[in-house]
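Chain residues, written in single-letter form:
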Amino acid sequence: MSTNPLPIILSIPHGGLAAPPEVADSLAINATTIYNECDLWAEQLYDFQHPDLVSFIPAGYSAGSLASVSMPIARVLIDANRDPADLNNPDGPVKTMTSYGQAVYRNGISSDLQRQLLDTYWQPYHQALETALQTHAGQVKLFLDCHNMAQHGPTAYDFPGAVRPFICLANFGDDNGEPTGQNKQTICSGKLLCEARALAETLFADLTLLEPVHGEEVPIVALNWPFAGGYIVQRYSRLTLPSIMIEINRGLFVGDQTTDTRIAAPNLARIAQIRQRLYQWAVYVSGLI
């Protein structure tokens, strides 16, 4: 039996729900806010070792990927997808404001504590990614930065209230995956991103939002919108290693969230449907390289 996993490394930076003990007593936000700021159930969506994928494993491969790195700490507190030098940014690596404009801390946070949090939580995540990339340098074909997003744009982010697609695929390019005037170099070719879009449109066409809004037209896949890429894919993209940032709409498996949406158990049936499609998509895309 083959023991070769998919030649992919997965980064899952925003799925955690935990609060560091160093700041737990200083927070102005509660568990509900943390829940609604999180990339909910991301580790389940991108669990390419899950038993329900066995019938989708291609010949010559075994379950899983070369490596998968995840962050247990909530992204509203420590964001591994932000530049560590950007500590003065409320939406930086140690956040002081939520995506809906709420203060994270009752009395702010000192710069010394911010740096301590970076060293204790942010840095190990990136060390794990670097180690995975070095360990599998001769095997990995694709680096995937894996996320999910609210059904509508949060009020303190770009495009507040905007209708978001089922899936966003990003390479720092334009809506065809080609370089822009601002970003002259993409992290994978436009051809690869367009082929990835075509398959995703086919695989996800049968799904529907759990709480659709009457009159809204929701695209299945958009390229580089509402996100064109982030710190992680920018940092770890290699000249010989194509990278893609992928975002899945939480409206497909959670609902139309706001900052006050009540905490609920994961919708395991919907998560399984999405996971199976994501795995098939990843198999196909890695096979194109």
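Residues numbered from 1 in each chain as written. Predicted model: local features only at pLDDT ≥ 70, side-chain atom pairs only at ≥ 80, totals over all residues. Heavy atoms only, no water.

1. Brief notes about the nonpolar core
No. 1: Among the nonpolar cores identified, the biggest contains 44 residues, and Leu-169 and Trp-281 are the most heavily contacted of them.
No. 2: The set of elements that each furnish at least two residues to this core consists of β1 (6-12), α2 (42-45), β3 (142-149), β4 (167-170), α4 (190-204), β5 (221-223), β6 (243-249) and α6 (268-287).
No. 3: Take this core: its biggest share by element is eight residues, from α6.
No. 4: In this structure, Leu-169 is in contact with Leu-193, Ala-196, Arg-197, Val-221, Ala-222, Leu-223, Asn-224, Ile-244, Met-245, Ile-246 and Trp-281, ignoring residues within four places of it in sequence.
No. 5: With 39 residues, the next largest nonpolar core counts Met-71, Ile-73, Leu-77 and Val-104 among its residues. (Core = buried A, V, L, I, M, F, W, Y, C linked by side-chain atoms within 4.5 Å. Buried < 20%, exposed > 50% of the residue type's maximum accessible area, 1.4 Å probe, protein only. Helix = DSSP H or I, 4+ residues; strand = E, 2+ residues; numbered from the N terminus. Contact = heavy atoms within 4.5 Å.)

2. Re the sheet that holds β5
No. 1: Ordered by their spatial adjacency, six strands build an open sheet running β2-β1-β3-β6-β4-β5, and the pairing between neighbours is mixed. Here the strands that pair on one side only, and so sit at the sheet edges, are β2 (65-70) and β5. Averaged over all adjacent pairs, the angle separating strand axes in this sheet is 20°, with direction ignored.
No. 2: Sheet analysis places β1 next to β3, joined by four bridges and oriented parallel. Counterpart to Ile-8 in the pairing with β3 is Leu-142. (Pairing = 2+ DSSP bridges. Axes fitted to C-alpha atoms, helices over the stretch in contact; angles between N-to-C directions.)

3. Some words on the pairing of β4
No. 1: In β4, alternate side chains face the same way, and those of Ile-167 and Leu-169 on one face and Cys-168 and Ala-170 on the other are all buried.
No. 2: In this structure, β4 lies alongside β5, joined through three bridges in parallel fashion. Along β5, the bridge assignment pairs Ile-167 with Val-221.

4. Quick notes on the environment of Thr-131
No. 1: Structurally, Thr-131 is set in helix α3 (residues 111-135).
No. 2: The sequence separation of Thr-131 and Asp-25 amounts to 106 residues, and the corresponding C-alpha distance is 33 Å.

5. Comments concerning the packing of α4 against α6
When two helices pack together, their arrangement is captured by the angle between the axes and the distance separating the axes.
No. 1: Interaxial distance between α4 and α6 falls to 10 Å at its minimum, and their mutual angle equals 150°. Put simply, α4 runs roughly antiparallel to α6. The way α4 lies across α6 gives a crossing that is right-handed. Residue-level contacts link Leu-192, Glu-195, Ala-196, Leu-199, Ala-200, Leu-203 and Phe-204 of α4 to Ile-274, Arg-277, Leu-278, Gln-280, Trp-281, Tyr-284 and Val-285 of α6.
No. 2: Partitioned by chemical class, the residues of the contact of α4 with α6 number eleven nonpolar, one polar and two charged. (Parallel < 35°, antiparallel > 145°, perpendicular 65-115°, else oblique. Left-handed = near helix turned anticlockwise from the far one by under 90°. Nonpolar A, V, L, I, M, F, W, Y, C, P; charged D, E, K, R; others polar.)

6. What to know about the side chain of Arg-75
No. 1: Structurally, Arg-75 is set in the loop between β2 and α3.
No. 2: Using a relative accessible area of 7% as the deciding quantity, one classes Arg-75 as buried.
No. 3: Of the polar contacts made by the side chain of Arg-75, one reaches the side chain of Tyr-157; its length is 3.1 Å.
No. 4: When neighbours within four sequence positions are excluded, Arg-75 is seen to be in contact with His-14, Gly-16, Glu-37, Cys-38, Asp-39, Arg-82, Lys-95 and Tyr-157. (Polar contact = N/O pair within 3.5 Å; in protein donor to acceptor, adjacent residues only side chain to side chain.)

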